[in-house]
Amino acid sequence: RVAFRRAGDAIVLLGEPTDELGASEYLSRIHGVVAGPPPACDLDRERAVIDALLEAIRSGLISSAHDCAEGGLAVALAECAIADREAMRGADVELSKWRDLPARAVLFGEAQGRVIVSTGNPARVTAIAERYGVPAHEIGRVTAEPRLRISVGSRTIDAPLARLASLYYQSIPSIMRRGPAETAVAEQHP
């Protein structure tokens, strides 16, 4: 289940951000560039993350889980917050632990071997991850407030869930309502 379910749950990141941005959605959508090598893939690390996640799920510790592969950590957090349109949950997230990395890489890098989980028992999830050699960091809390706040050092993204949901769920219908010429102009001047 992708959607955050319970306000008060801890948000834990299994795995680590890197400075990799090559071949990312960020470069493509924001800069119009398809370049750079894709993120490195370490199959042993991937296996360890999956094994730790499966044990935590089987132990009944996981309320939600979502990978960070497409769009990075910020996009995955937004998707978790808005995935259940009938019961959206906000989040307060602090990523300053990685302030030495470029903020855009922390937020939008697509480094492999990362999963966001929400849990009522972060200590047990972290202990399971450690047994598998998987880094696990408590990065925030699920909230009842309809906002997603993500901080990296002195920078903060603060977005209302209604706006995120509208952008996410209405993009294709909005494009379909426009004519071909209007769509082409909008894509050239976002």
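Reading the values: rules and limits
Residues numbered from 1 in each chain as written. Predicted model: local features only at pLDDT ≥ 70, side-chain atom pairs only at ≥ 80, totals over all residues. Heavy atoms only, no water. Helix = DSSP H or I, 4+ residues; strand = E, 2+ residues; numbered from the N terminus. Rg over C-alpha atoms; globule rule 2.2 N^0.38 Å. Buried < 20%, exposed > 50% of the residue type's maximum accessible area, 1.4 Å probe, protein only. Contact = heavy atoms within 4.5 Å. Areas by Shrake-Rupley, 256 points an atom, 1.4 Å probe, with all protein chains shown as cover. Lys, Arg positive; Asp, Glu negative; His and termini not counted. Charge placed at Lys NZ, Arg CZ, Asp CG, Glu CD. Core = buried A, V, L, I, M, F, W, Y, C linked by side-chain atoms within 4.5 Å. Salt bridge = Lys/Arg side-chain N within 4 Å of Asp/Glu carboxyl O. Arc of directions from axis to C-beta.

A. Broad picture of the overall build of the protein. Counting its regular elements, the protein contains seven helices and seven strands. When the elements of the protein are put in sequence order from the N terminus, they spell out β-α-α-β-α-β-α-β-α-β-β-β-α-α. Taken against the 2.2 N^0.38 rule, which gives 16 Å for 190 residues, the C-alpha radius of gyration of the protein at 17 Å falls within 12% of a compact globule. Judged by the C-alpha coordinates and their principal axes, the protein covers about 55 × 40 × 30 Å. Residue burial in the protein is summarised as follows: out of 190 residues, 43% are buried. Contacts in the protein between residues far apart in sequence, at least 24 positions, make up 82% of those at least 6 positions apart. With the model as given, the accessible surface of the protein reaches about 10300 Å², and the carbon-plus-sulfur share is 53%. Between the mean site of the 22 positive side-chain charges and the mean site of the 25 negative ones, the protein shows a separation of 5 Å.

B. Inspection of the nonpolar core at higher detail. F4, I11, L77, L95 and I116 are the most contacted members of the largest nonpolar core, which totals 29 residues. Broken down by secondary-structure element, the contributors of at least two residues to this core are β1 (10-14), α3 (72-82), β3 (90-94), α4 (103-108), β5 (136-143), β6 (147-152) and α6 (161-177). At eight residues, the largest contribution of residues to this core is made by α3. Excluding residues that lie within four positions of it along the chain, F4 makes contacts with I11, S64, L77, C80, A81, A87, R89, G90, A91, I116, S118 and V142. Listed in part, the 17 residues of the second largest apolar core include L14, A48, L53 and L61.

C. Looking closely at the pattern of salt bridges. One pass over the full model with this rule turns up nine salt bridges. A salt bridge links R1 to D84; the shortest N-O distance between them is 3.9 Å. Taken together, the positions of R1 in the segment before β1 and D84 in the loop between α3 and β3 put the pair 83 residues apart, joining distant regions of the chain. E138 is paired through a salt bridge with R141; the nearest N and O atoms lie 3.0 Å apart.

D. Highlighting helix α5 (residues 122-131). The set of residues buried in α5 consists of P122, V125, T126, I128 and A129. Taken around the axis of α5, the buried residues stretch over an arc of 160 degrees, which confines them to a single face. Opposite the buried face of α5, at more than 90 degrees from it, the exposed residues are A123, E130 and R131. On its buried side, α5 packs onto β1, α2 (43-58), β2 (62-67), β4 (115-119) and β5. A positive backbone phi angle near 75 degrees is found at G133, which sits one or two residues after α5.

Note that all results are geometric; they support no functional claim without further evidence.
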